[in-house]
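As a plain string of letters, each chain reads:
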Amino acid sequence: NNVTDAKHLQQAQELDLSNFWMPFTANKQFKAAPRLFKKAKGMYYTTVDDRQVIDAVAGLWCVNAGHCREEIAHAIANQASEMDYAPTFQMGHPLAFEAASRVAEVMPAGMDRIFFANSGSEAVDSALKIALAYHRARGEGQRTRLIGRERGYHGVGFGGISVGGIVANRKAFSANLIPGVDHMPATLSIEHAAFSRGQPAWGAHLADELERILNLHDPSTVAAVIVEPVAGSAGVLIPPQGYLQRLREICTKHGILLIFDEVITGFGRLGKATASEYFGVTPDLLTMAKAINNAAIPMGAVAAKREIYDTIVNNGPANGIELFHGYTYSAHPVAAAACLAAQDIYEREALFERAAQMAPKFEAAIHDLKGEPYVKDIRNLGLVGGVELESREGQPGTRAYDAFLHCFKNGVMVRFTGDILAFSPPLILDESHIDQIFSTVRAALRAVH
Ligand code: PLP
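Everything quoted here is computed from the prediction, not taken from an experiment.

Reading the values: rules and limits
- Residues numbered from 1 in each chain as written.
- Predicted model: local features only at pLDDT ≥ 70, side-chain atom pairs only at ≥ 80, totals over all residues.
- Helix = DSSP H or I, 4+ residues; strand = E, 2+ residues; numbered from the N terminus.
- Rg over C-alpha atoms; globule rule 2.2 N^0.38 Å.
- Buried ≥ 20, exposed ≤ 12 C-beta atoms within 10 Å, placed from the backbone.
- Contact = placed C-beta atoms within 7 Å.
- Pairing = 2+ DSSP bridges.
- Axes fitted to C-alpha atoms, helices over the stretch in contact; angles between N-to-C directions.
- Left-handed = near helix turned anticlockwise from the far one by under 90°.
- Nonpolar A, V, L, I, M, F, W, Y, C, P; charged D, E, K, R; others polar.
- Near = placed C-beta within 6 Å.
- Core = buried A, V, L, I, M, F, W, Y, C linked by C-beta atoms within 7 Å.
- Domains from an automatic or database assignment.
- Parallel < 35°, antiparallel > 145°, perpendicular 65-115°, else oblique.
- pLDDT = per-residue confidence, 0-100.
- Expected span 1.5 Å × (residues − 1).
- Arc of directions from axis to C-beta.

**What to know about the overall build of the protein chain**
Here is step 1 of the chain: Within the protein chain, the secondary structure is distributed over 17 helices and 15 strands.
Here is step 2 of the chain: Rg of the C-alpha trace for the protein chain: 22 Å, near the compact-globule value of 22 Å for 449 residues, within the 12% margin.
Here is step 3 of the chain: With respect to the principal axes defined by its C-alpha atoms, the protein chain has extents near 65 × 55 × 45 Å.
Here is step 4 of the chain: Within the protein chain, the fraction of its 449 residues that count as buried is 49%.
Here is step 5 of the chain: Pairs at least 24 apart in sequence give 73% of the contacts found in the protein chain among residues at least 6 apart.

**Considerations on the sheet that holds strand β15 (residues 420-423)**
Here is step 1 of the chain: Here we have four strands laid out as an open sheet, ordered β11-β12-β15-β14, and antiparallel in their pairing. Two strands lie at the open edges of the sheet, namely β11 (375-381) and β14 (415-417), each paired on one side alone. Going across the sheet, the axis of each strand differs from the next one's by a mean of 20 degrees, ignoring polarity.
Here is step 2 of the chain: As paired elements, strand β12 (residues 384-389) and β15 share four bridges and run antiparallel to each other. Bridge assignment links Glu-388 to a residue of β15, and that residue is Ile-420.
Here is step 3 of the chain: Running over the sheet, helix α16 (residues 398-409) touches β12, β14 and β15 and is turned about 40 degrees from β15.

**Description of the packing of helix α5 (residues 94-106) against helix α14 (residues 333-348)**
Here is step 1 of the chain: The N-to-C vectors of α5 and α14 enclose an angle of 35 degrees; their axes lie 9 Å apart at closest approach. As α5 packs across α14, the resulting crossing turns out to be left-handed. Every residue of α14 that contacts α5 at Leu-95, Ala-96, Glu-98, Ala-99, Arg-102 and Val-103 is listed here: Pro-333, Ala-336, Ala-337, Cys-339, Leu-340 and Gln-343.
Here is step 2 of the chain: Each residue belonging to the contact of α5 with α14 can be placed in one class, and the counts come to nine nonpolar, one polar and two charged.

**Quick word on the site of the ligand**
Here is step 1 of the chain: Around the ligand, 14 residues are found, and the nearest of them are Ser-119, Gly-120, Ser-121, Gly-155 and Val-263.
Here is step 2 of the chain: The element contributing the most residues to the shell around the ligand is helix α6 (residues 120-137), with three residues.
Here is step 3 of the chain: Tallied by class, residues from the shell around the ligand come to five nonpolar, seven polar and two charged.

**Quick notes on the sheet that holds strand β1 (residues 37-41)**
Here is step 1 of the chain: Taken together, four strands build an open sheet; the order of strands is β1-β2-β3-β13 and the sheet is mixed. The open sheet is flanked by β1 and β13 (412-413), the only strands paired with a single partner.

**Considering the nonpolar core**
Here is step 1 of the chain: The biggest cluster of nonpolar side chains holds 134 residues, and the ones touching the most others in it are Val-225, Ala-301, Ala-338 and Val-414.
Here is step 2 of the chain: In terms of residue count, α14 provides more of this core than any other element does, nine residues in total.
Here is step 3 of the chain: When residues of this core are assigned to domains, at least three fall in each of domain 1 (2-65 + 350-447) and domain 2 (72-348).
Here is step 4 of the chain: Excluding its chain neighbours within four sequence positions, the residues that come into contact with Val-225 are Ile-147, Leu-210, Leu-247, Cys-251, Ile-256, Leu-258 and Ile-259.

**Overview of the domain arrangement of the protein chain**
Interfaces are often described in size by the accessible area the parts lose on coming together.
Here is step 1 of the chain: Here the protein chain is partitioned into domain 1 (2-65 + 350-447) and domain 2 (72-348).
Here is step 2 of the chain: On a C-alpha basis, the centres of domain 1 and domain 2 stand 26 Å from each other.
Here is step 3 of the chain: Contacts between the two partners involve 32 residues from domain 1, matched on the other side by 29 residues from domain 2.
Here is step 4 of the chain: Put simply, the parts of the chain that give the side of domain 1 that touches domain 2 at least two residues each are α3 (58-61), α15 (351-367), β11, β12 and β15.
Here is step 5 of the chain: Sorting elements by how many residues they give to the side of domain 1 that touches domain 2 places α15 first, with seven residues.
Here is step 6 of the chain: In terms of residue class, the side of domain 1 that touches domain 2 is built from 16 nonpolar, 10 polar and six charged.

**Thoughts on the pairing of β11**
Here is step 1 of the chain: Most of β11 sits inside the fold, with five of its seven residues counted as buried.
Here is step 2 of the chain: The sheet contact formed by β11 and β12 spans six bridges and is antiparallel. The residue bridging Arg-379 from the neighbouring strand is Gly-386, located in β12.
Here is step 3 of the chain: Connecting β11 to the next strand, β12, in antiparallel fashion are two residues, including Gly-382 with a positive phi near 55 degrees.

**Looking at the packing of α16 against helix α17 (residues 431-447)**
Here is step 1 of the chain: Relative orientation of the contacting elements α16 and α17 amounts to 130 degrees, with a least axis distance of 9 Å. Judged by the inter-axis angle, α16 sits oblique to α17. Taken as a pair, α16 and α17 cross one another with a handedness that is right-handed. Each of Ala-403, His-406 and Cys-407 in α16 lies in contact with α17, whose residues at this interface are Thr-440, Val-441, Ala-444, Leu-445 and Ala-447.
Here is step 2 of the chain: Of the residues in the contact of α16 with α17, the class split is six nonpolar, two polar and no charged.

**A few points about the environment of Pro-240**
Here is step 1 of the chain: Relative to the elements of secondary structure, Pro-240 occurs in the loop between β7 (222-227) and α11 (243-254).
Here is step 2 of the chain: In this structure, Pro-240 is in contact with Thr-187, Gln-199, Pro-200, Trp-202, Gly-203, Ala-204 and Leu-206, ignoring residues within four places of it in sequence.

**Considering the confidence of the model for the protein chain**
Note that predicted coordinates carrying low pLDDT should not be read in detail.
Here is step 1 of the chain: Averaged over all residues, the pLDDT of the protein chain equals 97, while 98% of them reach at least 70.
Here is step 2 of the chain: Complex prediction metrics read pTM 0.97 and ipTM 0.99.

**A short note on α11**
Here is step 1 of the chain: The end-to-end C-alpha distance of α11, which contains 12 residues, comes to 17 Å, matching closely the 16 Å that a straight helix rising 1.5 Å per residue would cover.
Here is step 2 of the chain: All of the buried residues along α11 are Tyr-243, Leu-244, Leu-247, Arg-248, Ile-250 and Cys-251. Buried residues in α11, looked at end-on, bunch into an arc of 165 degrees, giving them a common side. Of the residues in α11, the exposed ones pointing more than 90 degrees away from the buried face are Thr-252 and Lys-253.
Here is step 3 of the chain: In this structure, the buried side of α11 is in contact with α10 (208-217), β7, β8 (257-261) and α12 (275-279).

**What to know about unusual backbone geometry**
Here is step 1 of the chain: Its identity is not glycine, yet Asp-218 carries a phi of approximately 75 degrees, on the positive side.
Here is step 2 of the chain: Mapped onto the fold, Asp-218 is located in the loop between α10 and β7.
Here is step 3 of the chain: A positive phi is found at Tyr-374, a non-glycine position, where the angle reads about 65 degrees.
Here is step 4 of the chain: As for its placement among the helices and strands, Tyr-374 is situated in the loop between α15 and β11.

Below, the structure is given as structure tokens:
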């Protein structure tokens, strides 16, 4: 109502912005001209000055069922008053087991042992540690190397930035990255595959680089290979046709675990529960977070093949801890309650199928931007899309930032990374939302120079 709206605006104008050190943000630039939301519902945010902004990125690739779903809000509120917290170290509570069973139901067959964390970064570090512990438990403790990929994003833990391949995220910490890591080349080639719709036909051979790296180090020293099946944060990189299958074959051949980081692709982004299911390629470990509970409260997880769990647990001591790893908030009751409520919504509303149905319309709309000023590539799969712009001479990133700002001022929140605009809308979107998003982006591209 008007009274609370006026109060919100006044509070926002009086807000002290100095204390909050904002993550992955240009703090000086933001604080000079802040962009603040106060409410969200369905496809839309409301800004503190009462503008409706359509969410073209599902928050941060995470609010797959749309904002402020009542069932999730109730589940959280009920659980917080019923039992706020219980440990899962040598104790338990039923929701932790129910959430694990529920998540396991939508994982690829056999990947039904679920380890909970609180974020994608923690899920990644958990998966890397599980991989190392698994080889050790099998008597192959010499397998300590990890292979990531250039432009990979696996969160911000020391493990995640070490296997990750985003230079800016590593530079300041480069002397302290974990040792024994190598990187495959990124799969993006604008030269060979610009404006591909869906998976590019070019590039499967890049998986053979893994063989080259393995030969260099000797495959018997390598524990795991980690990739995002579709890379989001580095600017929407779609795997070439056949590429993931080839990675799987090479890992299997050499007894190396394949980890898919599905923090973005998990829970419907590509029109299936997981990218693994979408591509028909099953990893050994799979990381997830974000949409696991519609991002209503922090939660992450690792799905492990049963054999990995069995190897570590059965080789452990009879009555002792088998894996020395975990978080105070692993399977936090409130997060677990939110997870169950979110999974109910995904199933009841068939949102993964809905994403698959909307994907062709999304694809057509995003590729319709071809020919607009400075557009040098457009990439998409499922409900993920990227539009790469020519960079301004000597000022990389500024053109996409200006386009992002133009969109925001005109009621659309997109994301930008470098000079790439990224899109990953909630799966509940309809055609009118697609029109609104891409007509605004088109206007932005024509307005920025
Ligand atoms: N892995 C991938 C593929 C991601 O996209 C992200 C976040 O965007 C992460 C890991 C890190 O997740 P979080 O920010 O929850 O730590």
